[in-house]
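Architecture at a glance
Here is how the chains run, residue by residue.
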Amino acid sequence: MSKHVLAQNQYGKAENRIVTVTRKGDDGAWHEIRDLNVSVALRGEYRDVHLTGDNGNCLPTDTTKNTVYAFAKEHGVASPEAFAIHLARHFVTSQPVVHEAQIRVEEFGWERIPVPTRKEQHSFVRKGQEVRTAQVTYSETTGLQVLSGLKELTVMNSTNSEFHGFIKDRYTTLQEAYDRILATKVTARWAHSATAAADPEHDWDRSYEKVRRHMLEAFAETYSYSLQQTLHAMADRVLDHVSTVNEVRLNLPNKHHFLVDLEPFGLKNDNEVYFAADRMYGLIEGTVHRQGVQPVIATSDWITA
Ligand SMILES: O=c1[nH]c(=O)c2[nH]c(=O)[nH]c2[nH]1
């Protein structure tokens, strides 16, 4: 027996990353998403768990995690508060040993990427401004080299993404996907032509906005069979529309969203509830440049999601 006092204690699964997709309209083509980070803490009769090793009062943290995902399906996520109220009430009213439950929710906001040419709406950009970057080198011999860029521009398509037909060797377990979420945090750099760099009237702000818009539109409008294909489409679109840009390099971490298996709880997950994994991630990188241009953007920078 310990001679010391066990004081405040609590436990539960922290930082359950969850994304829900709700389909609206007659054909379900209008998507609404909610992106949450949900933490559960239970307080109650946990003396024995700590002092004697008797787990008879212990609802596993794994169960608290499952409950979060199952409730997203059963009750939906009307708001962080409403969702947290459902969960907090549930733990206290369903388990006699739980006297208090504290649910903490962080919600990440998303805005639509407008695609005027289509009525389906399933492309989003995470709220909060990305970081704009610039790197200028002036050399006596080669003159000005101007690289522009951005980082931390997070985008998502909640459909129109597939991934299949890939190599299967003895270590492959990945299932083919015919309708998946495609999400990435874009780091982009682009090189301007020597003429643009030397032009004192060159409108750098306008060119930045154009590149950003074309990358977003290409992301939203590309029906994707891989993130590699999306990468190429984004860079290609910039080169097509911004004549003063010669080269685009993209670094795209594949922010995986795994469909949660709700079958054990008797619930069908119709591409509605996802686990948003932040690590590990596929990292897709590549440069696209105009014919006849020597690429200048470093390929060895270490960029993480
Ligand atoms: O778009 C993708 N490209 C890949 O190369 C890849 N590999 C993987 O496991 N998932 C994906 N998705």
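Residues numbered from 1 in each chain as written. Predicted model: local features only at pLDDT ≥ 70, side-chain atom pairs only at ≥ 80, totals over all residues. Heavy atoms only, no water.

Brief notes about the UniProt feature "binding site: 5-hydroxyisourate" (unreviewed entry) in the chain
Let me state the cut-off plainly: UniProt positions are given in the numbering used here, feature names are shortened, and annotations may be inferred rather than shown by experiment. Strands here mean DSSP runs of E at least two residues long; helices mean DSSP runs of H or I at least four residues long; both are numbered from the N terminus. Accessibility here uses a 1.4 Å probe with only protein chains present; expressed as a share of the type maximum, an area under 20% marks a residue as buried, one over 50% as exposed, and anything in between as partly exposed. In what follows, a contact means two residues having at least one pair of non-hydrogen atoms within 4.5 Å.
Using the residue numbers shown here, the UniProt feature "binding site: 5-hydroxyisourate" (unreviewed entry) corresponds to Thr61, Asp62, Phe163, Arg180 and Asn254. The largest pairwise C-alpha distance within this set of annotated residues, which runs over 194 residues, is 32.6 Å, so the set is dispersed in three dimensions. Summarising the element assignment, threonine 61 is placed in helix H2 (residues 61-75). Assessed through its relative accessible area of 25%, threonine 61 is described here as partly exposed. The residues contacting threonine 61, other than those within four sequence positions of it, are Tyr11, Gly12 and Lys13. With residues up to four places along the chain from it excluded, the contact list for arginine 180 reads Asn157, Ser158, Thr159, Ser161, Glu162, Phe163, Ser226, Leu227 and Asn254.

Things to note about the site of the ligand
Our working rule: Only heavy atoms are used to decide nearness, and a residue is near a molecule or strand if one of them lies within 4 Å of it. Under the rule applied, a polar contact is a pair of N or O atoms within 3.5 Å (in protein, one hydrogen donor and one hydrogen acceptor; residues adjacent in sequence only if both atoms are side-chain atoms). Per-residue accessibility takes into account occlusion by the displayed protein chains alone, with areas from the Shrake-Rupley method and a 1.4 Å probe. When residues are grouped by polarity, Ala, Val, Leu, Ile, Met, Phe, Trp, Tyr, Cys and Pro land in nonpolar, Asp, Glu, Lys and Arg in charged, and all others, Gly among them, in polar.
Taken together, Phe163, Leu174, Arg180, Ser226, Leu227, Gln228 and Asn254 are the residues near the ligand. Contact between the ligand and arginine 180: an oxygen atom at 2.8 Å from a side-chain N or O atom of the residue. Here leucine 227 contributes a backbone N or O atom positioned 2.7 Å from an oxygen atom of the ligand. Contact with the protein chains removes 72% of the 300 Å² of surface that the ligand exposes when unbound. Residue classes in the shell around the ligand are distributed as three nonpolar, three polar and one charged.

Regarding the sheet that holds strand E11 (residues 273-276)
Put simply, the test is: Pairing between two strands is assigned when DSSP locates at least 2 bridges connecting them. Geometry is summarised by axes, namely lines fitted to C-alpha atoms with helices restricted to the contacting stretch, and by angles between N-to-C directions that run from 0 to 180 degrees.
Read from one edge of the open sheet, five strands run E3-E2-E1-E11-E10, paired in antiparallel fashion. Either end of the sheet is taken by a strand with one partner, and the two such strands are strand E3 (98-108) and strand E10 (257-259). Within the sheet, the average angular offset between the axes of one strand and its neighbour, ignoring direction, is 35 degrees. Relative to E3, strand E2 (residues 30-44) runs antiparallel, the two being bridged by 10 bridges. Looking at the pairing, alanine 41 lines up with glutamine 102 of E3. Packing of H2 onto the sheet brings it into contact with strand E1 (16-24), E2 and E11, and relative to E1 it is tilted by some 10 degrees.

Notes on the packing of aromatic side chains
Heads up, the condition is: Any two rings among Phe, Tyr and Trp, with Trp reduced to its six-membered ring, count as a pair given centres within 6.5 Å; such a pair is stacked if its planes are under 30 degrees apart, edge-to-face if over 60, and tilted if neither. Distance and angle both matter: a charge sits over a ring if NZ of Lys or CZ of Arg is within 6 Å of the ring centre and within 35 degrees of the ring normal.
In total, this model carries six aromatic pairs according to the counting rule given. On the numbers, 4.9 Å between centres and 80 degrees between planes, the contact of tyrosine 11 with tyrosine 46 is edge-to-face. Here tyrosine 46 lies in the loop between E2 and helix H1 (47-51) and tyrosine 11 lies in the segment before E1, a separation of 35 residues in the sequence. Residue tyrosine 11 is classed as buried on the basis of its relative accessible area, which comes to 18%. Where tryptophan 190 meets tyrosine 208, the ring centres are 5.9 Å apart and the plane angle is 35 degrees; that geometry is what we call tilted. Taken together, the residues span a long stretch of sequence, with tryptophan 190 in strand E8 (residues 182-192) and tyrosine 208 in helix H5 (residues 204-221) at a distance of 18 residues. No difference in accessibility class separates tryptophan 190 from tyrosine 208, as the two residues are buried. One aromatic cluster is present, built from ring pairs that chain together Tyr69, Phe258 and Phe275. When the ring centre of tryptophan 30 is taken as reference, the NZ or CZ atom of arginine 112 above it lies at 3.9 Å. The ring centre of phenylalanine 108 lies 4.4 Å from the NZ or CZ of arginine 126, which sits over that ring.

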